[in-house]
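Now for the letters of each chain:
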Amino acid sequence: MADINKLPVHVGIIMDGNGRWARLRGKERSEGHRQGAEVFREICTYAADLGIKYVTFYAFSTENWKRPQLEVSAIMNIFRTFLREAEERQQENEERGLRFRFIGDMSKIPGDIAERVKALEERTSDKTRTTVNLAVNYGGRAEIVKSVRRIAGMVKNGEIEPSDVDEKTIEEGLYTAGQPDADLIIRPSGEQRLSNFLLWQSAYAEFWYSDVLWPDFTKSDFDKALYAYSKRSRRFGAV
Ligand code: FPP
């Protein structure tokens, strides 16, 4: 097991490999996403039990709209199921101290989902043990653009001078405002890239990759990532 004193505060997870998992079994891609959502639930609970403060899951990127309509609507239906179940499991989630946040542009998400998202965020806003960020219609560059627009507006209104802008000003306009940077980024399925995920927040993150496809990812894989993280020497640019 990982050294409990060296647990990451914020873990980001790119849930990749659902499509390949399904194809290997002769199933529809949506079956891979459904199984992926089961694993999301399991890892979410496990991270909370371990006391990890922030976990961010990449569920749907700004680029994922390019997928076939059938696959996009299957993923939206998986969100609906998750949100319904979160309502049913309210007490269980409360006891675990789970706070749910959705990061991304919710204006493009079907209205019924956006409403449920808002309700879930409000219902869990006082929970402090573990914050689960679900990145939906999220893109790291779009997030930075959003923040820059906010700053441009503040300068235009004379609220601040251009020279007042610093890293903190940018951070305050991100979806993750108030949350710490990512310490560890986990990407299963053999790919080794960031894919527009938490660009700003992962400036000093450690990366952990695995060939396991996300629907096959287990608590033990999560342990392996935490263990590897606990052995890394983080210098943040110093010696
Ligand atoms: C990437 O695998 C996965 C996605 C784009 C969707 C992930 C969504 C889920 C796991 C459902 C999330 C639901 C909740 C409630 C969190 P891929 O399809 O690109 O896989 P491939 O690279 O093997 O084709």
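Refer to the preceding data block for the structure.
All values derive from a computational prediction rather than experimental measurement.

Caption draft 1: A look at the packing of aromatic side chains. Tallied over the full model, the rule gives 13 aromatic pairs. Measuring from centroid to centroid gives 4.7 Å for Phe40 and Phe57, while their planes differ by 85°, and the two rings are edge-to-face. Taken together, the residues span a long stretch of sequence, with Phe40 in helix H2 (residues 29-50) and Phe57 in strand E2 (residues 54-61) at a distance of 17 residues. Considered together, Phe40 and Phe57 belong to a single accessibility category, that of buried residues. One Lys or Arg, Lys146, reaches over the ring of Tyr175 and ends 4.7 Å from the middle of that ring.

Caption draft 2: Fine view of the packing of H2 against helix H3 (residues 69-88). Between H2 and H3, the least distance of the axes is 10 Å, while the angle of their chain directions is 30°. As the angle between them shows, H2 and H3 are arranged roughly parallel. The element H2 and its partner H3 pack so that their crossing is right-handed. Contact with H2, carried on its side by Arg29, Ser30, His33, Arg34, Ala37, Phe40 and Arg41, involves Glu71, Ala74, Ile75, Ile78, Phe82 and Glu85 of H3 and no other residues of that element. Of the residues contributing to the contact of H2 with H3, the split by class is six nonpolar, two polar and five charged.

Caption draft 3: Representation of the site of the ligand. In the vicinity of the ligand lie 18 residues, with Met15, Gly19, Arg20, Arg29 and Arg67 positioned nearest. Within the backbone of Gly19, an N or O atom sits 3.0 Å from an oxygen atom of the ligand. Within the side chain of Arg67, an N or O atom sits 2.8 Å from an oxygen atom of the ligand. If the ligand stood free it would expose 620 Å²; the protein chains cover 92% of that surface. A per-element tally of the shell around the ligand places H2 first, with five residues. Per-class residue counts for the shell around the ligand are eight nonpolar, six polar and four charged.

Caption draft 4: Spotlight on the pattern of salt bridges. All told, the structure shown has 22 salt bridges when counted by the stated rule. Residue Arg29 is joined to Glu71 by a salt bridge in which the shortest nitrogen-to-oxygen separation is 2.7 Å. Linking Arg29 in helix H2 with Glu71 in helix H3, this pair joins segments that are 42 residues apart in sequence. Overall, the relative accessible area of 7% leaves Glu71 in the buried class. Note that Lys108 and Asp105 form a salt bridge whose closest N and O atoms lie 3.3 Å from each other.

Caption draft 5: Inspection of a negative patch on the surface at higher detail. Residues Glu161, Asp164, Asp166, Glu167, Glu171 and Asp181 make up a contiguous surface patch of negative charge. Assessed through its relative accessible area of 41%, Asp164 is described here as partly exposed.

Rules and cut-offs
Residues numbered from 1 in each chain as written. Predicted model: local features only at pLDDT ≥ 70, side-chain atom pairs only at ≥ 80, totals over all residues. Heavy atoms only, no water. Phe/Tyr/Trp six-rings, centres within 6.5 Å; stacked < 30°, edge-to-face > 60°. Helix = DSSP H or I, 4+ residues; strand = E, 2+ residues; numbered from the N terminus. Buried < 20%, exposed > 50% of the residue type's maximum accessible area, 1.4 Å probe, protein only. Lys NZ or Arg CZ within 6 Å of the ring centre and 35° of its normal. Axes fitted to C-alpha atoms, helices over the stretch in contact; angles between N-to-C directions. Parallel < 35°, antiparallel > 145°, perpendicular 65-115°, else oblique. Left-handed = near helix turned anticlockwise from the far one by under 90°. Contact = heavy atoms within 4.5 Å. Nonpolar A, V, L, I, M, F, W, Y, C, P; charged D, E, K, R; others polar. Near = heavy atom within 4 Å. Polar contact = N/O pair within 3.5 Å; in protein donor to acceptor, adjacent residues only side chain to side chain. Areas by Shrake-Rupley, 256 points an atom, 1.4 Å probe, with all protein chains shown as cover. Salt bridge = Lys/Arg side-chain N within 4 Å of Asp/Glu carboxyl O. Patch = residues over 30% accessible without salt bridge, like charges linked within 9 Å, V, L, I, M, F, W, Y side chains within 5 Å. Lys, Arg positive; Asp, Glu negative; His and termini not counted. Charge placed at Lys NZ, Arg CZ, Asp CG, Glu CD.

These results come straight from atomic positions and should not be treated as a statement about function.
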